[in-house]
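Spelled out from the first residue to the last, the chains are:
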Amino acid sequence: MKDRIQKIILNEGLTPSRLADVMRVQRSSVSHILAGRNKPSMDFLTKLIESFPSINGHWLLTGQGDMYASGKIPHVEKELNLAVDKTPALFPDEDKHARTIDASQEQVKKVESKPENHISPPNSSKAKVIKKIIVIYDDYSTEEIFNG
């Protein structure tokens, strides 16, 4: 388990002290776990998963599967300002909504390819003009795709 915690520290670009700060645990707790003196408690593991929601809990506990829940390494913050965001997930069941997100991205491509970026809603005779498209990712980072 300590090797997986060390891997999280390395992949997230942290130090053990910074990990403790982000998780809001005592630095000595992280130090003792990494030294092999103590095993992580359930409270410690819960705080770790809450602090890094992209980490695959099954991988953390067993070492099986991908390190990250999505199978992809998320963007590491440059300034390490990793305060825990308590905002509820937009799509708690990612698998259920993956096809919807893919379809939405296809719609964005179609809209971008139209010369005037007009869309007519299904039950409306008046065309509406898109002013802005913002994508919100699962780590709550955003990207502005179109600003008309």
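Anything mentioned here points back to the structure above.
Given the structure is predicted, the values throughout are model-derived calculations rather than measurements.

*Asks:* Where do I start with unusual backbone geometry in this structure?
*Replies:* Most peptide bonds take the trans configuration, and most residues that are not glycine carry a negative phi. Phi is positive for Arg24, close to 60°, though the residue is something other than glycine. Locating Arg24 in the fold gives a position in the loop between α2 (16-23) and α3 (27-35). Residue class for Arg24 comes out exposed when judged on its relative accessible area of 59%.

*Asks:* Looking at this structure, I do not really get the packing of α2 against helix α4 (residues 42-51). What am I missing?
*Replies:* Two packed helices can be described by the angle between their axes and the distance between those axes. Running from N to C, α2 and α4 point in directions that differ by 90°, and their axes come no closer than 9 Å. Our classification of the angle between α2 and α4 gives roughly perpendicular. Between α2 and α4, the residues in contact are Leu19, Val22 and Met23 and Phe44, Lys47, Leu48 and Ser51, respectively. Classifying every residue of the contact of α2 with α4 gives 5 nonpolar, 1 polar and 1 charged.

*Asks:* Could you clarify how one ought to interpret α2 in this entry?
*Replies:* Note that an α-helix has 3.6 residues per turn; residues three or four places apart therefore point the same way. Three or more residues of α2 are buried, namely Leu19, Ala20, Val22 and Met23. Viewed end-on, α2 has its buried residues packed into an arc of 165°, placing them on one side of the element. Contacts from the buried residues of α2 go to α1 (2-11), α3 and α4. After α2 finishes, the residue Arg24 shows a positive phi value of roughly 60°.

*Asks:* Quick question: what am I supposed to make of the environment of Ala35 here?
*Replies:* Relative to the elements of secondary structure, Ala35 occurs in helix α3. Residue classification places Ala35 among the exposed positions, given a relative accessible area of 59%.

Reading the values: the criteria
- Residues numbered from 1 in each chain as written.
- Predicted model: local features only at pLDDT ≥ 70, side-chain atom pairs only at ≥ 80, totals over all residues.
- Heavy atoms only, no water.
- Helix = DSSP H or I, 4+ residues; strand = E, 2+ residues; numbered from the N terminus.
- Buried < 20%, exposed > 50% of the residue type's maximum accessible area, 1.4 Å probe, protein only.
- Axes fitted to C-alpha atoms, helices over the stretch in contact; angles between N-to-C directions.
- Parallel < 35°, antiparallel > 145°, perpendicular 65-115°, else oblique.
- Contact = heavy atoms within 4.5 Å.
- Nonpolar A, V, L, I, M, F, W, Y, C, P; charged D, E, K, R; others polar.
- Arc of directions from axis to C-beta.

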